[in-house]
Amino acid sequence: MHLDDLYRQVIMDHYQHPRNQGELPDGIRVDLKNPSCGDEISLRLKVENGVVSDVRFEGTGCSISMASASMMTEAIKGQPVETALQLNRLFRAMMKGEDVDTDALGDLEALHGVSKFPARIKCATLAWQALEKGVQPNRE
Amino acid sequence: MNALEIRKDFPILNQLINGHPLVYLDSAASSQKPRQVIEALRHYYETNHSNVHRGVHTLGSRATEAYELAREKVARFIHAPSPEQVIFTRGTTESLNMVAYGYARAFLKPGDEIVLTPAEHHSNLVPWQQAAKATGATLKYIPLQADGTIRLEDVRATVSANTKIVAMAHVSNVLGTIHPIREIADVAHAVGAIMVVDGAQSVPHLPVDVQALDCDFLAFSGHKMLGPTGIGVLYGKRKWLDAMEPTYFGGEMIDVVELYDSTWKDTPWKFEGGTPIIAGAIGLAAAVDYLTDIGMEAVRDHDHRLAEYAFQQLKEIDGVTIYGPEDGRQRGGLVTFNVLNVHAHDVSTVLDAEGVAIRAGHHCAQPLMRILNVSSTARASFYLYNTESDIDKLAAAVRTAKEFFQHALG
């Protein structure tokens, strides 16, 4: 295992310069915590006519959790909710080490290396978990 | 004490992790096991296993004898006045919950106080929160100094005539602070309160004498002191144990069972409902034998020396912040730190790539993390099988982590 496979340049860039940070006063708000390590994310979503019209986040955590959140917001902003959820399924499949259509994932593919670091997978999926809760509040 | 000789007893240490020799610096989370403990478990299961305290066959007698001998060895190890004051549990968490249920919930009234420190492990905090909610008692906290120590005058100022329980870790699992338990117990006893000690980080690393500490209860875990997982101990003063009702009811703990009422066995067996953790107790006894052979003074001095050395090595690295007391005499065998601009998880991942295993996270002490104003920290903890060379590798790996992220972040 190589650290460079995990900490790709695009990940470090998002960690250092997170996109879509901040509040969204009239959006849906989901606060999630990774109880085992203390990482926190507060995700804000605006859904209009079935489309994620705006998304922001705030949080504290490791490079993987914060970069993953930043990259997720870029990937889903302006996308139909269905597309966002499809990305969520693809992303999670990639985390499990399954072969997935990397073209569909775009930049998110950079997080592929996380799948080889089992202890870090929950860092990468924290933001996606928040997304699921936000757009499917009544699931289960 | 020769750590290099001791290492030969720990087969797990002899392996490569990610291409590097394993440097195990996470014993505060769980220690590794010597052959002698593994062999004791194997021997028990291969030759003596049966249920205990019932049946008249030979194996039943052998298992009972081994189980009760384990109780005697543990009692001697902590200088308990009698083996009957040693209750086998699943671990520190269960032991502390037994006191919170059997003592706090049974005897506390509205207006009574439970005094803690904000540095407690969740297992010595949440059970008291729940007991306070159930009884109307209130929680009070002794303030921490910036270096994680507490002052006796603050203990005296926090404890009042309403205080019924003072509960505290002997050694902090995050800051390594060694608290002066005897002095604090004296303050508690002066107002008629009991002293409950979380010994999870002290019994494995220091000579612990419950009579010298004058604590009313002491809780600890086997797996942090070379023993198996799933076995722990609650020591208590006899008068409290005799006054407490059992936590669990059922087989093994009863005296006479009628259709509408029952009576219990004596202490400690009334607290060990169901088939007890027989193999775990026997494994723990083997661990106690191992530690006794080496001598707890020697273990303490060794851990202490390594912690001092690690403190010095890490302090020299620019951008490393170390938490806890600077004075080595107040510090147990661990060092908790952060690297500037690098999250503890990322530090841990880079260290793991170099074969160095440390803990990263909030260490089950969220209130303390808030006081330190960090979301997580990295912790290296030491035990009798660690050497100065392990710490050199730790320091080198921390430098690597720092440089890797400096480079990656541009």
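For clarity, every value in this text was computed on a predicted model and none was experimentally measured.

Caption draft 1: Examining the pairing of strand S14 (residues 334-339) of chain B more closely. All names here are of chain B. S14 sits mainly inside the fold: six of its six residues count as buried. Residue alternation in S14 divides its side chains into two sets, Leu 334, Thr 336 and Asn 338 and Val 335, Phe 337 and Val 339, and both sets are buried. Sheet topology note: the strand S13 (residues 320-323)/S14 ladder contains four bridges and is antiparallel. Its bridge partner lying in S14, Thr 321 is registered against Asn 338. Judged from the four bridges that link them, S14 and strand S17 (residues 377-381) form a sheet pairing that is antiparallel. Residue pairing in the sheet places Leu 334 in a bridge with Ser 381 of S17.

Caption draft 2: Region of the structure containing the packing of aromatic side chains. Residues and elements named next belong to chain B. Applying the stated rule across the entire model yields 13 aromatic pairs over all chains. Summarising the aromatic geometry, the rings of Tyr 103 and Phe 217 are spaced 6.0 Å apart at their centres and angled 70° between planes, so their arrangement reads as edge-to-face. One end of the pair, Tyr 103, is in helix H4 (residues 92-107); the other, Phe 217, is in strand S9 (residues 217-221), with 114 residues separating them in the sequence. Between the aromatic rings of Tyr 103 and Trp 240, the centroid separation amounts to 5.5 Å while the plane-to-plane angle is 85°, which identifies the pairing as edge-to-face. Of this pair, Tyr 103 sits in helix H4 while Trp 240 sits in helix H9 (residues 238-243); the two residues are 137 residues apart in sequence, bridging distant segments of the chain. The ring of Tyr 101 carries the charged tip of Arg 105 above its face, separated from the ring centre by 4.3 Å.

Caption draft 3: Looking closely at the domain arrangement of chain B. Residue and element names in this part refer to chain B. Segmenting chain B into domains produces domain 1 (3-30 + 296-408) and domain 2 (37-293). Taken over C-alpha atoms, the centre of domain 1 sits 28 Å from the centre of domain 2. The contact between domain 1 and domain 2 buries some 2,700 Å² in all, and 62% of this surface belongs to carbon and sulfur atoms. Contact with domain 2 buries surface across domain 1, with Met 296, Leu 368 and Tyr 383 losing the most and accounting together for 23% of the total. Across the domain 1-domain 2 interface, the total number found is zero salt bridges. Linking domain 1 with domain 2 are 14 residue pairs in polar contact (both at pLDDT 80 or more). Within the residue set of the side of domain 1 that touches domain 2, elements represented by two or more residues are helix H11 (296-315), S14 and helix H13 (366-372). It is H13 that contributes the most residues to the side of domain 1 that touches domain 2, six residues altogether. Split by residue class, the side of domain 1 that touches domain 2 holds 20 nonpolar, nine polar and seven charged.

Caption draft 4: Spotlight on the nonpolar core. In this structure, Ile 64 and Ile 76 of chain A together with Phe 337 and Ile 358 of chain B are the most contacted members of the largest nonpolar core, which totals 79 residues. Here this core takes nine residues from helix H14 (residues 388-408) of chain B, the largest share from any one element. With near-sequence residues (within four places) excluded, Ile 76 of chain A lies in contact with Leu 45, Val 52, Val 55, Ala 84, Leu 87, Trp 128 and Leu 131 of chain A. Residues Ile 6, Val 37, Val 155 and Leu 213 of chain B belong to the second largest nonpolar core, which totals 73 residues.

Calculation criteria
Residues numbered from 1 in each chain as written. Chains lettered and ligands numbered in written order. Predicted model: local features only at pLDDT ≥ 70, side-chain atom pairs only at ≥ 80, totals over all residues. Heavy atoms only, no water. Buried < 20%, exposed > 50% of the residue type's maximum accessible area, 1.4 Å probe, protein only. Helix = DSSP H or I, 4+ residues; strand = E, 2+ residues; numbered from the N terminus. Pairing = 2+ DSSP bridges. Phe/Tyr/Trp six-rings, centres within 6.5 Å; stacked < 30°, edge-to-face > 60°. Lys NZ or Arg CZ within 6 Å of the ring centre and 35° of its normal. Domains from an automatic or database assignment. Buried area = accessible area lost by both parts, 1.4 Å probe. Salt bridge = Lys/Arg side-chain N within 4 Å of Asp/Glu carboxyl O. Polar contact = N/O pair within 3.5 Å; in protein donor to acceptor, adjacent residues only side chain to side chain. Nonpolar A, V, L, I, M, F, W, Y, C, P; charged D, E, K, R; others polar. Core = buried A, V, L, I, M, F, W, Y, C linked by side-chain atoms within 4.5 Å. Contact = heavy atoms within 4.5 Å.

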